[in-house]
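Tertiary structure, described
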Amino acid sequence: MLNFRNANILFAGLLGLIIWQHITEGVSWWSYLVLAFIYSLILFYGCYYIGSNFFMRVMCAAKTSKKAIAITFDDGPDATATPQILDILKQLNVPAAFFCIGNRIAGNETILKQIQEQGHIIGNHSFSHHFWFDLFPSAKMLDDMLQANQLVRQTINLSPLLFRPPYGVINPNLKKAIIKSRMVPIGWSVRSMDTIISDPEKLLNKINRRINRGAIFLFHDTGAATISVLPLFIEQAKAQGYEIVRLDKMLNLQAYA
């Protein structure tokens, strides 16, 4: 299995081999550059493909024989979109997980309470969701995550144990922060791209093709496209015999401390 440790061992061995050949036979300096380039590509893959489990295990799907899927939402609570999504979920009797950004809770406490009261779960999506979050030192990442948890706890008296990394990026610093936080990293197996695809028909076709056992769908409770396709997606998934299960139950995880 390709992971950070194995990659380092492999490339350390290859670097040693190139150095030995350089001393004994002479090799081009391009050999070092090529090796560094390939190593960089592998690190990039490990950081930006959340399902790679390159730095640590991330829960991205459930291994199940049951026709069950889970729906998750990122980046709320949003004063406009989140209540509409909650209404849809209530009407169709579907549970979901909302990975909330801490700095969006202030002023939206009622929405956060509504999420919890309607039987959904709230996860941690960092406090800042800063553009440079991936470059923060580990201690700053941890403080950011704990700040988000504190705001959730002040609002619903529960502390999330499920954490979704901003932008889905994992690196060694974030691994340290997650371990210290004692939270469980959560990814996805189907990224809807609902923040990019504005055409509801195209969006619906994309996600419907990816319905499969144990899938975790990533949506965002921030825009009109998601609101448009969500009822149709739910109805079509149910028509195919799929049950939409709350994320923590599908993954057999504890949602709160």
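Above this text sits the structure in question.
The residue numbers shown here count from 1 along each chain, following its written sequence. Selection of residues for local features in this predicted model requires a pLDDT of at least 70, selection of side-chain atom pairs for listing and counting requires 80 or more, and totals for whole chains, interfaces and linings are taken over all residues. Note: side-chain values were computed over all heavy atoms of the structure, leaving out hydrogens and water.

1. Describing the nonpolar core
One recurring pattern in soluble globular proteins: nonpolar side chains tend to sit buried together. Within this scheme, the nonpolar core is defined by two criteria: the residues are buried Ala, Val, Leu, Ile, Met, Phe, Trp, Tyr or Cys, and they are joined through side-chain atoms within 4.5 Å. Between buried and exposed lies partly exposed: a residue is buried under 20% and exposed over 50% of the maximum accessible area for its type, with that area taken using a 1.4 Å probe on protein chains only. By size, the foremost hydrophobic cluster in this structure holds 79 residues, and its most contacted members are Ile71, Phe233 and Leu247. Secondary structure elements follow DSSP: runs of H or I no shorter than four residues count as helices, runs of E no shorter than two count as strands, and numbering proceeds from the N terminus. At seven residues, helix α8 (residues 224-239) tops the list of elements feeding residues into this core. Contacts were defined at the residue level, with two residues in contact if any of their heavy atoms lie within 4.5 Å. Sequence-distant contacts of Leu247, defined by excluding residues within four places in its chain, comprise Ala70, Thr72, Ala97, Phe99, Ile121, Leu162, Ile186 and Ile216.

2. Quick look at helix α5 (residues 138-156)
Here the expected span of a helix is defined as 1.5 Å times the quantity of residues minus one. An ideal rise of 1.5 Å per residue puts 27 Å on 19 residues; α5 measures up with 27 Å between its terminal C-alpha atoms. Listed as buried for α5 are Ser138, Met141, Leu142, Asp144, Met145, Ala148, Asn149, Val152, Thr155 and Ile156. With its buried residues spanning 160° around the axis, α5 presents them on a single face. Turned more than 90 degrees off the buried face of α5, the exposed positions are Ala139, Asp143 and Gln154. Considering only its buried residues, α5 is in contact with α4 (109-117), β3 (121-124), β4 (162-163) and α6 (172-181). Asn157 sits one or two positions beyond α5 and adopts a positive phi of about 65°. It is the directions from the helix axis to the C-beta atoms that the arc portrays.

3. Quick notes on the pairing of strand β2 (residues 97-100)
Taking every second residue as pointing to the same face, both faces of β2 are buried, with Ala97 and Phe99 on one and Phe98 and Cys100 on the other. Taken together, the three bridges between strand β1 (residues 68-74) and β2 define a ladder with parallel strand orientation. The residue of β2 that forms the bridge with Asp74 is Phe99. We call a crossover right-handed when, viewed with the strands running away from us, the connection from the first strand over the helix to the second turns clockwise. Once you follow β1 into helix α3 (residues 81-91) and on to β2, the crossover reads as right-handed. Strands pair, by our definition, only if DSSP identifies at least two bridges between them. Bridging between β2 and β3 involves four bridges; their strand directions are parallel. Within the sheet, the bridge partner assigned to Phe99 lies in β3 and is Gly123. Crossover β2 to β3 through α4 is right-handed.

4. Section: the environment of Gly107
Following the sequence through the fold, Gly107 ends up in the loop between β2 and α4. A residue is classified by how much of its surface remains accessible, and Gly107, at 66% relative accessible area, is exposed. Here the alpha-carbon distance between Gly107 and Ile38, two residues 69 residues apart in the chain, equals 47 Å.

5. What to know about the side chain of Ser192
Within the secondary structure layout, Ser192 lies in the loop between β6 (190-191) and α7 (200-208). In this structure Ser192 comes out as buried when scored by relative accessible area, which is 1%. Pairs of N or O atoms are called polar contacts if they sit within 3.5 Å, as long as, within protein, a hydrogen donor faces a hydrogen acceptor (for residues adjacent in sequence, only side-chain-to-side-chain pairs). Only 3.1 Å separates the side chain of Ser192 from the side chain of Asp194, close enough to count as a polar contact. Look past the residues within four positions of Ser192 in its chain and what remains in contact with it is Ile197, Leu203, Lys206, Ile207, Leu218 and Phe219.

6. A short note on the packing of α7 against α8
Helix axes are fitted to C-alpha atoms over the stretch in contact, other axes to C-alpha atoms as well, and angles between N-to-C directions run from 0 to 180 degrees. At a minimum axis distance of 9 Å, the contact between α7 and α8 shows a crossing angle of 40°. In terms of orientation, α7 lies oblique with respect to α8. The element α7 and its partner α8 pack so that their crossing is right-handed. Only Ala225, Ser228, Val229, Leu232, Phe233 and Gln236 of α8 make contact with α7, whose side of the interface consists of Pro200, Leu203, Leu204, Ile207 and Asn208. Small angles under 35 degrees read as roughly parallel and large ones over 145 as roughly antiparallel, with 65 to 115 read as roughly perpendicular and the rest as oblique. Here is the rule for handedness: rotate from the far helix to the near one, and if that takes an anticlockwise turn smaller than a right angle the crossing is left-handed, while a clockwise turn gives right-handed.

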